[in-house]
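Letter by letter, the chains look like this.
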Amino acid sequence: MDDPALNAAIAANRFGLGARPGELARAGADARGWLSAQLAGDAPQLRGTNLRASADILSQALELRRERRDARAEAVAPNAAVVMKVAQLYRPIYIDETTARIGEALTTERPFIEHLTYFWTNHFAVSVDKVAVFGLAGSFEREAIRPHVLGNFTELLLASTQHPAMLLYLDNQTSIGPNSQLALGAARRGGERRFGINENLAREILELQTLGVSGGYTQADVTSFAKVITGWSIGANFGRFAGGTPGQFVFREQMHEPGAQSVLGKRYAEGGMEQGVAVLRDLVQHSATAQFVATKLARHFIADEPPRTAVDALARAFHDSRGDLPTVYRALIGLKESWAQALAKFKTPGEYIISSLRGLDVPVQYADKARASFALLGQRIYSPGSPAGWPDRSADWDGASAIMKRIEWADALGQKLGAHRDAAQLAPQWLGGAMSAPTHTSIARAASASQALTLLLTAPEFMRR
């Protein structure tokens, strides 16, 4: 029999971003309905007056790159000054993007959609550890992920693949077919430079974004697919690759490997950019993609080792709807396995921080100060470190050192806000039916308000979702 109080806690904490005061009451006796209602309408977009388009950012960065090139040509020494200008360009952009993102997390009335946005941003991971992406990770999420999180997986895949941040992160912007016009022209001129394909983007699409590592593709498929997407690049107004609108996706015919290619046993006739689009669309319809995406969703929202029945049900929903994401989300909400075990997932540092700040109902103005906490606890925003994204199992986050950092962070927050928050009143609003008797007792017996808040923030059930 369903326990409404427990289901409300699961809905707000596992599917949402952590319960704000009053949120469990709003979820009420119909937690599934509360989640489903959030799927209605367009996906919310970030608010922020300083948020810039990727093309605008890249266009400015390209001008700085031109300046650096000219300085080298003139043997001018202060090249470091140009590099510093790039850093000065990107850093405030990163600050504005992360501040807006945290602010939305603190205030959103549709936390399930925000949580799904983070899931897909991690699925199509780019990382600011690569300097070229430092100023673009936030706009990548705003432009490629958010508009399609309530759409179709095909459009989400296309948008992420063609976004400048992904092209730069996986080095596809200079991937050139060995038999392309550009390569053959260079060979005729007798130049020493040899052009070639870059397989990074093709490999990661197959391995991490669609089929999965066990999805049945071969190295030959990677190579063929990489040839298919040669010419998928970024516009520039100078240099060897001039052409297109600076900073925007462009298909460069002269860099594209001509001819038909075979991927996963299917022959794709030459069709310019549409050849690559056709491969991507077919990848979405492949049974391995349905299984891979379903497994990741189930692992994230149900358990580290999700039940096979749940994965299969989500895979059917994905396949039968041809990748319609709201259909898949509704199937996820409707699974009995999604509600069978409370506190099944250990929170990542980012989830822990956001759920703490939402529960404490901190003002949105705190978003800028909160940014440092993510790096402190080991999950700097937009910095997963690899195309695989952040890991999603408890064992990756619950080590002794990581737990100690959380306790220290919680203690500092308790000392700061304890006098202004009543942990005994907040605890049932955060945890609802998931709160244990020991946690209730420890908070009630705390020696001070600050200690009580720290105990709530470090309660075992609050560490999990």
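See the structure printed just above.
Below is a summary of the structure that appears in this document. Here, residues in each chain are numbered from 1, in the same order as that chain's written sequence. In view of the model being predicted, local features appear only for residues whose pLDDT reaches at least 70, and side-chain atom pairs are presented and counted only at 80 or more, with totals across whole chains, interfaces and linings using the full set of residues. The basis for every side-chain value is the complete set of non-hydrogen atoms in the structure, without hydrogens or water.

## What to know about the overall build of the protein
Right, on to step 1. Helix and strand counts for the protein come out as 23 helices and four strands.
Right, on to step 2. Dimensions of the protein, computed from C-alpha atoms along their principal axes, come out at roughly 85 × 55 × 40 Å.
Right, on to step 3. Only protein chains enter the accessibility calculation, which uses a 1.4 Å probe. A residue is then buried if its area is under 20% of the maximum for its type, exposed if over 50%, and partly exposed in between. Counting across all 465 residues of the protein, residues that qualify as buried make up 55%.
Right, on to step 4. Within the protein, residue pairs in contact and separated by at least 24 positions form 74% of the contacts whose partners lie at least 6 positions apart.
Right, on to step 5. Both charge centroids of the protein, one from 50 positive and one from 46 negative side chains, sit 3 Å from each other. We count a stretch as a helix when DSSP gives it H or I for four or more residues in a row; a strand needs E for two or more, and each element gets its number in order from the N terminus. Note on definitions: a residue-residue contact is assigned when non-hydrogen atoms from the two residues lie within 4.5 Å. We count Lys and Arg on the positive side and Asp and Glu on the negative side, and we leave His and both chain ends out. In plain terms, the charge of a residue is placed at NZ if it is Lys, CZ if Arg, CG if Asp and CD if Glu.

## What to know about the environment of Ser 180
Right, on to step 1. Residue placement: Ser 180 occurs in the loop between α9 (164-169) and α10 (181-188).
Right, on to step 2. Residues Ser 180 and Met 255, 75 residues apart in the sequence, show an inter-C-alpha distance of 5.4 Å.
Right, on to step 3. Excluding residues within four positions of it along the chain, Ser 180 makes contact with Gln 254, Met 255, His 256, Glu 257 and Pro 258.

## Points about the packing of helix α8 (residues 153-162) against helix α11 (residues 200-209)
Right, on to step 1. What counts as an axis is a line fitted to C-alpha atoms, over the stretch in contact for a helix, and the angles between N-to-C directions run from 0 to 180 degrees. Look at α8 against α11: their axes get within 12 Å of each other, and the N-to-C directions meet at 150 degrees. Once α8 is placed against α11, the crossing between them reads as right-handed. Packed against α8, whose contacting residues are Phe 153, Leu 157 and Thr 161, the element α11 presents Leu 201, Ile 205 and Gln 209 at the interface.
Right, on to step 2. Think of it as three bins: nonpolar holds Ala, Val, Leu, Ile, Met, Phe, Trp, Tyr, Cys and Pro, charged holds Asp, Glu, Lys and Arg, and polar takes everything else, Gly as well. A class-by-class count of the residues in the contact of α8 with α11 yields four nonpolar, two polar and no charged. Two helices that cross are described as forming a left-handed crossing if the nearer one is turned anticlockwise from the farther one by less than a right angle, and a right-handed crossing if clockwise.

## Remarks on the nonpolar core
Right, on to step 1. Among the buried residues, those of types Ala, Val, Leu, Ile, Met, Phe, Trp, Tyr and Cys that are joined through side-chain atoms within 4.5 Å form a nonpolar core. Core analysis: the biggest nonpolar cluster contains 131 residues, and Trp 120, Phe 153 and Phe 225 have the highest contact counts within it.
Right, on to step 2. Ranked by residue count, the leading element in this core is helix α5 (residues 79-107), at eight residues.
Right, on to step 3. Counting seven residues, the second-largest nonpolar core is a separate cluster that includes Ala 183, Ala 186, Phe 241 and Met 255.

## Structural notes on the side chain of Arg 406
Right, on to step 1. With respect to the secondary-structure elements, Arg 406 resides in helix α19 (residues 400-417).
Right, on to step 2. Throughout this description, the term salt bridge denotes a Lys or Arg side-chain nitrogen within 4 Å of a carboxyl oxygen of Asp or Glu. Buried Arg 406, no salt bridge; nearest opposite-charge side chain is Glu 351, N-O distance 7.0 Å.
Right, on to step 3. Ignoring anything within four residues of it in the chain, the contact list for Arg 406 reads Phe 346, Lys 347, Thr 348, Pro 349, Tyr 352, Leu 377, Trp 397 and Met 463.

## A closer look at the packing of aromatic side chains
Right, on to step 1. Under the pairing criterion, centres of Phe, Tyr and Trp rings, with the six-membered ring standing for Trp, must be within 6.5 Å; the plane angle then separates stacked pairs below 30 degrees from edge-to-face pairs above 60, leaving the rest tilted. According to the stated counting rule, one finds 17 aromatic pairs in the structure shown.
Right, on to step 2. An angle of 65 degrees between the planes, with centres 6.3 Å apart, marks the rings of Phe 112 and Tyr 329 as edge-to-face. Here Phe 112, found in helix α6 (residues 111-123), pairs with Tyr 329, found in helix α16 (residues 325-334); they are 217 residues apart in sequence, far enough to count as distant. Grouping residues by exposure puts Phe 112 and Tyr 329 together as buried.
Right, on to step 3. If you follow Arg 380 out to its NZ or CZ, it ends over the ring of Tyr 94, 5.2 Å from the centre. Only Lys NZ and Arg CZ are tested; either one counts as a charge over a ring when it is within 6 Å of the ring centre and within 35 degrees of the ring normal.

## Some points on α6
Every α-helical turn comprises 3.6 residues, leaving residues that sit three or four positions apart pointing alike.
Right, on to step 1. Across its 13 residues, α6 extends 18 Å between first and last C-alpha, which sits within 8% of the 18 Å expected from 1.5 Å per residue.
Right, on to step 2. Across the 13 residues of α6, twelve count as buried, placing the element largely inside the fold.
Right, on to step 3. Listed in full, the buried residues belonging to α6 are Pro 111, Phe 112, Ile 113, Glu 114, His 115, Leu 116, Thr 117, Tyr 118, Phe 119, Trp 120, Thr 121 and His 123. Helix span, as expected, comes to 1.5 Å for every residue beyond the first.

## Focus on the side chain of Gln 261
Right, on to step 1. Summarising the element assignment, Gln 261 is placed in strand β3 (residues 261-263).
Right, on to step 2. Overall, Gln 261 belongs to the buried group, its relative accessible area being 10%.
Right, on to step 3. Non-local contacts of Gln 261, meaning those with residues more than four positions away in its chain, are made with Ser 224, Lys 227, Val 228, Lys 266, Arg 267, Tyr 268 and Gln 275.

## Quick notes on the packing of α11 against helix α12 (residues 219-228)
Right, on to step 1. At a minimum axis separation of 8 Å, α11 and α12 run at an interaxial angle of 125 degrees. In this view, α11 runs oblique relative to α12, as classed from their interaxial angle. Regarding α11 and α12, the two cross each other, and that crossing is right-handed. Mapping the contact onto sequence places Ala 202, Arg 203, Ile 205 and Leu 206 in α11 and Gln 219, Asp 221, Val 222, Phe 225 and Ala 226 in α12.
Right, on to step 2. In the contact of α11 with α12, the residues fall into six nonpolar, one polar and two charged. Should an angle lie under 35 degrees it is considered roughly parallel, over 145 roughly antiparallel, and from 65 to 115 roughly perpendicular; all remaining angles are considered oblique.

## A word on helix α17 (residues 349-359)
Right, on to step 1. Within α17, eleven of the eleven residues are buried, which leaves it mostly tucked inside the rest of the structure.
Right, on to step 2. Positive backbone phi, at 55 degrees, marks Asp 361, one or two positions downstream of α17.

## Remarks on the environment of Ala 303
Right, on to step 1. Within the secondary structure, Ala 303 is located in the loop between α14 (287-301) and α15 (308-320).
Right, on to step 2. As a C-alpha pair, Ala 303 and Thr 454 span 151 residues in sequence and 27 Å in three-dimensional space.
Right, on to step 3. The contacts of Ala 303, once residues within four sequence positions are left out, are Ala 298 and Lys 345.

## A few points about the pattern of salt bridges
Opposite charge on two side chains lets them pair, provided their charged atoms get close.
Right, on to step 1. For the structure shown, the criterion picks out 21 salt bridges.
Right, on to step 2. Residues Glu 199 and Arg 203 are paired through a salt bridge, measuring 3.0 Å at the closest nitrogen-oxygen approach.
Right, on to step 3. Across the salt bridge formed by Lys 345 and Asp 304, the nearest N and O atoms sit 2.6 Å from each other. Within this pair, whereas Lys 345 is found in the loop between α16 and α17, its partner Asp 304 is found in the loop between α14 and α15, the two being separated by 41 residues in sequence. In this pair, the class of Lys 345 matches that of Asp 304, namely buried.
Right, on to step 4. Salt bridges sharing partners connect three or more residues here, namely Arg 101, Glu 114, Glu 141 and Arg 146.

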